[in-house]
Number of protein chains: 2
Amino acid sequence: MVTVHDVARAAGVSISTVSRALGSPERVATETRDRVTRAAAELGYRPNHAASGLRKGRTHAIGLVVPDLENPYFASVTKSVQARARAEGYEVLVADSDEDAAVEPELIDALAARTDGLVVASPRSGEAELRAALVGVTAVLANRELPPARKAGSGAAAVPFIAVDDADGVAQALGHLSALGHRKVGVAAGPASSWSGGRRVAGLIAAAGRWDVELVELGNFQPYFAGGIQAADHALASGVTAVVAFNDLMALGILDRLRHRGVDVPGEMSVVGFDDVQLAALVSPALTTVHIPLARLGQRAVDLLLARLRGGTPVSGQLPVELTIRGSSGPAPAETVS
Amino acid sequence: MVTVHDVARAAGVSISTVSRALGSPERVATETRDRVTRAAAELGYRPNHAASGLRKGRTHAIGLVVPDLENPYFASVTKSVQARARAEGYEVLVADSDEDAAVEPELIDALAARTDGLVVASPRSGEAELRAALVGVTAVLANRELPPARKAGSGAAAVPFIAVDDADGVAQALGHLSALGHRKVGVAAGPASSWSGGRRVAGLIAAAGRWDVELVELGNFQPYFAGGIQAADHALASGVTAVVAFNDLMALGILDRLRHRGVDVPGEMSVVGFDDVQLAALVSPALTTVHIPLARLGQRAVDLLLARLRGGTPVSGQLPVELTIRGSSGPAPAETVS
DNA sequence: CGATAGGGTGCAAACGTTTGCAGGGTCACG
DNA sequence: CGTGACCCTGCAAACGTTTGCACCCTATCG
């Protein structure tokens, strides 16, 4: 292993000069700098991150905690977080909780110990547990808000977060269905404990009055393909003419189940999802869904974290969403004999 | 930040004892150990990885380089690599090359500098470039083989790798189609530069004679949904009754295109994929495809790497694959007028 | 021409661990 | 009772950087 000492000897300077030539070039004479740079290149010098991390107290790495890497939603988040971090000179450590809230604290702990900060995406943990796991670690949340503890005196600031405008998304979806003549629409909710799930249901309820549609709560389902299959049967049983699903995976499950049961989409039933996963555009009929700027989400999360690390005052925010109308939604079926 | 010194003071021992109590408990008296452990817990001591990494020369982290995190295939690999590594006490740094072979060396470099070793999955680089990027870094390859350089004297051992039995997979697929009566089968190949792509085509050619089927090379296509759409039209034009695709994404594209063109699957055309991505089982008709034990692939890659790190002699290998027959393949259509 | 400022460099002390070496104590054995 | 063996612990030196401080030298100004 070649160290600063080797480079120093080769360049005929002291190790401090080597360090400065490489780290803050403006503090060393041009000619010396060149000599050092050249020597370093010739020897193939690679600075030791552990050493500089130790001295500077910075690792130049960030951590990312996600519930499930195989979920295309989080795959996209991971991809964009990784891309942005790398562009800013940071490496990314990733940990997958496998949808288990119980392991989140331990993952957070492990990653926090070796990184400068964390992006925690859609944590499944409850408020108290999450707050406990996050004490002392600089983190930002993606798709989750964590209000500061009520304990007076604990002046802990709220954890910065970046989310999407769930309420607006479902409002757009419901408006779309309303305009198509649907009066009774089913809502296939996600897990009761899901933060964004709660926001979406609340948004739907708020929008229902405005758009003059009756909401039928079909129940809470797993946010996967399988959950959608289950939800589809409930939708058919409840007499709705449209259903909005918690997310795309579920919507795709609904679509598949409806096809199996011989129900025409969108002729007899309209389906709208949420997320606009890659796949949504590829199936037939293509899925009408609320598009989330996933790449921006990851990127903004990193920006937020970096702002915190650099001492700025990061400002939490919501990303705008946009309903993307495709083939799975259409006019409500004409009144039948009832 | 609480250090060994703080714990030492609290426990009334020296820092060496603290270090030993925590690192090699058998070397310190039971009573002292307890005292130290308790003090550490009370103070909330977290060992500094940078420091121990510096001293021990080990980071206890590994790197993973993949072409595209959004590709469900690599998402699964990433997930299993991460799981296995964590189970073995290692963290995982991930880097996404975005399918760009040119950035792979730089990613490998960056990760190698902060980890103990690398898992490089399906690298897109050519042999020479890859070999160059890998000199001096301990790495294992997933889904790629890299024969040692021919240069005599450069005693560099081959890079250990873990792959899947591509030849057997396509042989099974072709045998299945043959048994169903197909005599003219189209092959929708992936990018010409793909290592596994080459193996699969070779395997098909080898198996064709044995199963008495005529192979029609439809061309090279992008290994994505869009590539499949393109391939489907070629398949229809060529008069084959079945097509085997380079991977599932492509097969799904073929399926979708055939449906759009009103071609019944499997009535008029059979389709078989490769990989058995989650989604393959979910579409209708469900995709007949060669199942790869993806979870084991990542796991084995990590095991291989860890074996290397621990001084063992890792042995490269192939994972067995298994044809999974679903709805997209069926008997060849009866002879028509022509 | 002398004083002063400031740029360029080196010395040495950190950063928080781990670990070779050695000292002190206890115990068993001769 | 003396001697050696062995267990437990502490001292101090690493590991490879970064950086405060101090030094020297040159240029500038009065």
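Refer to the structure above for everything that follows.
Right, let's walk through the structure included here. Predicted model, so just to flag it, every value in this text is computed and none were measured.

Scanning chain A for helices and strands turns up 12 helices and 12 strands. A globule of 338 residues ought to have a C-alpha radius of gyration of about 20 Å, yet chain A, at 26 Å, is considerably larger. The C-alpha extent of chain A, read off along each of the three principal axes, is 95 × 50 × 30 Å. Here chain A holds 338 residues, and the buried ones make up 49% of them. Contacts in chain A between residues at least 24 apart in sequence constitute 69% of all its contacts with a sequence separation of at least 6. Put simply, chain A shows about 14,700 Å² of open surface, and 53% of that area lies on carbon and sulfur atoms. The distance from the centre of the 32 positive side-chain charges to the centre of the 36 negative ones in chain A is 10 Å.

Let us look at the nonpolar core. Core analysis: the largest hydrophobic core is formed by 94 residues, its most contacted members being A:Ile62, A:Leu297, B:Ile62 and B:Leu297. Beyond its immediate chain neighbours, meaning those up to four positions away, B:Leu297 contacts B:Tyr73, B:Val77, B:Asn143, B:Ile162, B:Ala163, B:Val164 and B:Leu319. With 52 residues, the next largest nonpolar core counts A:Phe225, A:Met269, A:Leu279 and B:Val265 among its residues.

A common way to express how large an interface is: the accessible area buried when the components associate. Contacts between chain B and chain A engage 41 residues on the former and 42 residues on the latter. Summed over both sides, the interface of chain B with chain A buries roughly 3,500 Å², with 55% coming from carbon and sulfur. Across the chain B-chain A interface, the total number found is 20 residue pairs in polar contact (both at pLDDT 80 or more). Breaking the side of chain B that touches chain A down by element, the ones donating at least two residues are helix H4 (49-56), helix H5 (72-87), strand S2 (91-96), helix H6 (104-112) and helix H11 (248-260) of chain B. Tallied by class, the residues present in the side of chain B that touches chain A amount to 18 nonpolar, 11 polar and 12 charged.

The operation linking the two copies of the chain is a rotation about an axis combined with a translation along the axis. Of the transformation superimposing chain B on chain A, the axial component is 0.1 Å and the angular component is 180 degrees, with the fit at an RMSD of 0.2 Å. Look at the turn and shift together and you get a two-fold axis relating the two. Both copies contact each other with a shared surface, as 100% of the interface residues of chain B are interface residues in chain A too.

Another point: the pairing of strand S3 (residues 117-121) of chain A. Residue and element names in this part refer to chain A. Burial within S3 is extensive, with five of its five residues counted as buried. Alternating residues of S3 divide into Gly117, Val119 and Ala121 and Leu118 and Val120, and every residue in both groups is buried. As judged from the four bridges shared by strand S1 (residues 61-66) and S3, these two strands associate in the parallel manner. Its bridge partner lying in S3, Ile62 is registered against Gly117.

The next thing to look at is the pattern of salt bridges. Counted according to the given criterion, the structure contains 34 salt bridges over all chains. With a closest N to O distance of 3.4 Å, A:Arg310 and A:Glu88 form a salt bridge. Placement of A:Arg310 in the loop between helix H12 (294-309) and strand S11 (317-319) and of A:Glu88 in the loop between helix H5 (72-87) and strand S2 (91-96) is noted, with a sequence separation of 222 residues between them. B:Arg200 is the partner of B:Asp166 in a salt bridge, and the nearest nitrogen-oxygen pair spans 2.8 Å. Placement of B:Asp166 in helix H8 (residues 166-179) and of B:Arg200 in helix H9 (residues 195-211) is noted, with a sequence separation of 34 residues between them. For the residue pair B:Asp166 and B:Arg200, the accessibility class agrees, reading buried in each case. Each of A:Asp68, A:Asp96, A:Asp98 and B:Lys79 takes part in salt bridges that share partners, so that together they form one network.

Each value, and the rule that gives it
Residues numbered from 1 in each chain as written. Chains lettered and ligands numbered in written order. Predicted model: local features only at pLDDT ≥ 70, side-chain atom pairs only at ≥ 80, totals over all residues. Heavy atoms only, no water. Helix = DSSP H or I, 4+ residues; strand = E, 2+ residues; numbered from the N terminus. Rg over C-alpha atoms; globule rule 2.2 N^0.38 Å. Buried < 20%, exposed > 50% of the residue type's maximum accessible area, 1.4 Å probe, protein only. Contact = heavy atoms within 4.5 Å. Areas by Shrake-Rupley, 256 points an atom, 1.4 Å probe, with all protein chains shown as cover. Lys, Arg positive; Asp, Glu negative; His and termini not counted. Charge placed at Lys NZ, Arg CZ, Asp CG, Glu CD. Core = buried A, V, L, I, M, F, W, Y, C linked by side-chain atoms within 4.5 Å. Buried area = accessible area lost by both parts, 1.4 Å probe. Polar contact = N/O pair within 3.5 Å; in protein donor to acceptor, adjacent residues only side chain to side chain. Nonpolar A, V, L, I, M, F, W, Y, C, P; charged D, E, K, R; others polar. Least-squares fit on C-alpha atoms with pLDDT ≥ 70 in both. Pairing = 2+ DSSP bridges. Salt bridge = Lys/Arg side-chain N within 4 Å of Asp/Glu carboxyl O.

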